[in-house]
Amino acid sequence: MPDPDAIIIGSGPNGLVAANVLCDAGWDVLVLEAQPRLGGAVASDSAVREGWIHDTFSSFYPLAAASPTIAGLELERHGLEWVHAPAVVGHPLGDGRWAVLHRDRDATAASLDELCPGDGDAWLELCRWWSRISQPLIGALLTPFPPMRHGSSLALQAARSGGLDAVRRMLMPARGLGQELFRGEGPRLLLAGNAAHADIPVDSAGSGLMGLLLIMLGQELGFPVPRGGAGSLSSAMAARLEELGGVTRTSCPVVEVIVEDGRATGVRTADGEQITCRRCVVADVAATSLYGGLVDWGHLPSRLRRRMATFEWDPGTVKVDWALDGPIPWIGAPDRAPGTVHLAPSVDALAVAGAEAAAGVVPRHGLVLIGQMATTDPTRAPLAAESAWAYTHVPSTVRQLSPAADGHRGIEPGPWSHDSAERMADRVQARVEECAPGFADRITARRVLGPVELESLDANLVGGALNGGTAALQQQLVFRPVPGMGRAETPIKGLYLGSASAHPGGGVHGACGSNAARAALAHARVPSWLRPARRAASAPDV
Ligand SMILES: Cc1cc2nc3c(=O)[nH]c(=O)nc-3n(C[C@H](O)[C@H](O)[C@H](O)COP(=O)(O)OP(=O)(O)OC[C@H]3O[C@@H](n4cnc5c(N)ncnc54)[C@H](O)[C@@H]3O)c2cc1C
């Protein structure tokens, strides 16, 4: 292959989106992937048990369904088919009743009203408010920072929908917002559970908006999954890319971005090969791997090094996959089975779990997220069987054991070992058993992926972090990955950060990759004599 126009390091959804966008513009693109397969944290396998398909990492894609970039790729023409569970999310309340999110707001409202009269109307009122701000809000989140068009439309809609009250609502912690809006625990748990689904503690500013975003997207678009496994989404993106002439190489880790005169001119791979490119390098790698890793600090301003020292990872994760010979025997299982189930005894328990995790303690009652994949997509398991997973967030390094150490027997302080992850998985399994007696008897095989295993399967999942860095407010927008770096451009000309470490962060929406590709295309259109001079790496700090 002659020198490509662009080299993409990493083939996660952001890397594949960037590659597709550049190919659409007629560029020659080469994607280099460290792992033996494409797709990053969007992959599926049958390693747990033959005949059962498990999503190795991510599973549900409301953000992809909301993403104009992914819709614009028309992946259905390349084999992708979205499917939905009968209901979106369910949260058992511990007394045999469930809070359930449906794809129909009236159905959700009716079920919440049954749990606590009055909450149905409160739900519909919230939906009406959301419809007024959702378009510009989602537009602002998924486009490069600053979002001029969507931002001004959002400001206008917020002014029309309550002014300062609306802004306050968007900044509120999930726990306080739930208390203000609803009387019963059902909708409060839906809101807080979805906020904790990202890594923002339910008592932190902005967690309410994160919860609202996920539940409202879930209600409007569902939590769809690709038929046949998450890998079908990556395969469709790769098939589209290859049809356009893009080239992919797997088992090809990049160890260096070559920088000459302040410009990225190519990369060096682990086996010593040097590949040059004509226009740009897009890095779908963690910010911590790019800055001071693939690009030596000597090429970067020292203020970036100082700021990267404050970069915050999101917590680690322990994930367990089960091949079951029947459905999970939930107490009081809802008539319409949800694809996603959240377990947490109360919103207060989630608040305590957030504080525990921040203190390096393994939470006793942290959120357990469960995917019922054959319920959602029957191709995932033999007839009448279930392919299920659960994960929970844990401190990336355990600083102390919970006072309820009994529940965490076998989990050692320090970095996670596979044994500690297995014990954490036992704990998760026991939590499912409490709500679904007989669950353990249905398990025919299981696999546990702790922080170490997750990172070994995808280097971006540092310490088992899912989001490329915390989604908390202080590391969002113009602060992502560090203050002043809210766009895909880096201090190196022709090098763009296109991973979840960039704005707008984790989740499968492709916006980080699309922002990087569009920035590269925009720069290529501007004649070099018109481009503003960049500060040299050695320029004095601010
Ligand atoms: C267990 C789990 C569950 C999740 N659940 C969901 C979910 O249900 N819905 C959702 O929307 N999101 C979910 N996420 C988050 C989502 O998967 C990620 O935010 C998303 O995949 C980020 O995409 P990315 O392209 O930035 O990075 P990744 O998907 O992590 O891909 C990065 C790729 O770059 C490669 N790479 C890294 N370094 C190099 C190098 N030096 N050279 C070459 N290649 C390299 C890696 O091998 C990897 O293939 C989940 C994540 C995990 C781990």
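Our subject is the structure that appears above.
Overview of the structure.

Residues Ala6 and Ile8 line one face of strand β1 (residues 6-9) and the alternating positions Ile7 and Ile9 line the opposite face, and both faces are buried. In this sheet, strand β13 (residues 280-283) lies alongside β1 in parallel orientation, the contact comprising four bridges. The partner of Ile9 across the bridge, within β13, is Ala283. Pairing of β1 with strand β2 (residues 29-32), which is carried by four bridges, proceeds in the parallel orientation. Looking at the pairing, Ala6 lines up with Val29 of β2. The handedness of the β1 to β2 crossover, carried by helix α1 (residues 13-24), is right-handed.

Moving on, we get to the sheet that holds strand β10 (residues 254-260). In spatial order, the strands read β10-β11-β12; together these three strands make up an open sheet with antiparallel pairing. Single-partner strands in this sheet number two, and they are β10 and β12 (274-276). The average angle at which neighbouring strand axes cross in this sheet is 30°, direction not considered. By the bridge criterion, three bridges tie strand β11 (residues 263-269) to β12 in an arrangement that is antiparallel.

Our next topic: helix α11 (residues 231-243). Side chains that are three or four residues apart share a direction in an α-helix, a result of its 3.6 residues per turn. Taking 1.5 Å as the rise per residue, α11 with 13 residues should run 18 Å; its terminal C-alpha atoms sit 18 Å apart, in good agreement. Immediately downstream of α11, the backbone of Gly245 shows phi near 100°, a positive value.

Here we come to the site of the ligand. In the region of the ligand, 33 residues are neighbours, and Asn14, Glu33, Phe60, Asp458 and Gly507 sit closest. The contact in question runs from an oxygen atom of the ligand to an N or O atom on the backbone of Gly507, over 2.7 Å. In this structure, Val508 approaches the ligand through a main-chain N or O atom, which is 2.8 Å from an oxygen atom. Starting from 1,000 Å² of accessible surface for the ligand in isolation, the protein chains cover 94%. The element contributing the most residues to the shell around the ligand is α1, with three residues.

By the element assignment, Ala471 lies in the loop between α17 (451-457) and β21 (495-497). In this structure the C-alpha to C-alpha distance between Ala471 and Cys252, which are 219 residues apart in sequence, comes to 30 Å. Setting aside residues no more than four positions away along its own chain, Ala471 makes contact with Asp199, Ile200, Met210, Gln476 and Arg480.

The full count for this structure, using the stated rule, is eight aromatic pairs. An angle of 45° between the planes, with centres 6.3 Å apart, marks the rings of Phe60 and Phe223 as tilted. With a gap of 163 residues between them, Phe60 in the loop between β4 (54-55) and α2 (62-66) and Phe223 in the loop between α10 (207-221) and β8 (225-226) connect regions that are remote in the sequence. We note that Phe60, like Phe223, is buried. Aromatic pair Trp98 and Trp330: ring centres 5.4 Å apart, planes at 85°, arrangement edge-to-face. With a gap of 232 residues between them, Trp98 in strand β7 (residues 98-101) and Trp330 in the loop between β14 (316-324) and β15 (338-343) connect regions that are remote in the sequence. One exposure class covers both Trp98 and Trp330, and it is buried. Through successive ring pairs, a cluster of aromatic residues spans Phe60, Phe223, Trp389 and Tyr391. A cation over a ring is seen here: Arg169 above Trp129, with NZ or CZ 4.6 Å from the ring centre.

Criteria and thresholds
- Residues numbered from 1 in each chain as written.
- Predicted model: local features only at pLDDT ≥ 70, side-chain atom pairs only at ≥ 80, totals over all residues.
- Heavy atoms only, no water.
- Buried < 20%, exposed > 50% of the residue type's maximum accessible area, 1.4 Å probe, protein only.
- Helix = DSSP H or I, 4+ residues; strand = E, 2+ residues; numbered from the N terminus.
- Pairing = 2+ DSSP bridges.
- Right-handed = clockwise from strand over helix to strand, strands pointing away.
- Axes fitted to C-alpha atoms, helices over the stretch in contact; angles between N-to-C directions.
- Expected span 1.5 Å × (residues − 1).
- Near = heavy atom within 4 Å.
- Polar contact = N/O pair within 3.5 Å; in protein donor to acceptor, adjacent residues only side chain to side chain.
- Areas by Shrake-Rupley, 256 points an atom, 1.4 Å probe, with all protein chains shown as cover.
- Contact = heavy atoms within 4.5 Å.
- Phe/Tyr/Trp six-rings, centres within 6.5 Å; stacked < 30°, edge-to-face > 60°.
- Lys NZ or Arg CZ within 6 Å of the ring centre and 35° of its normal.

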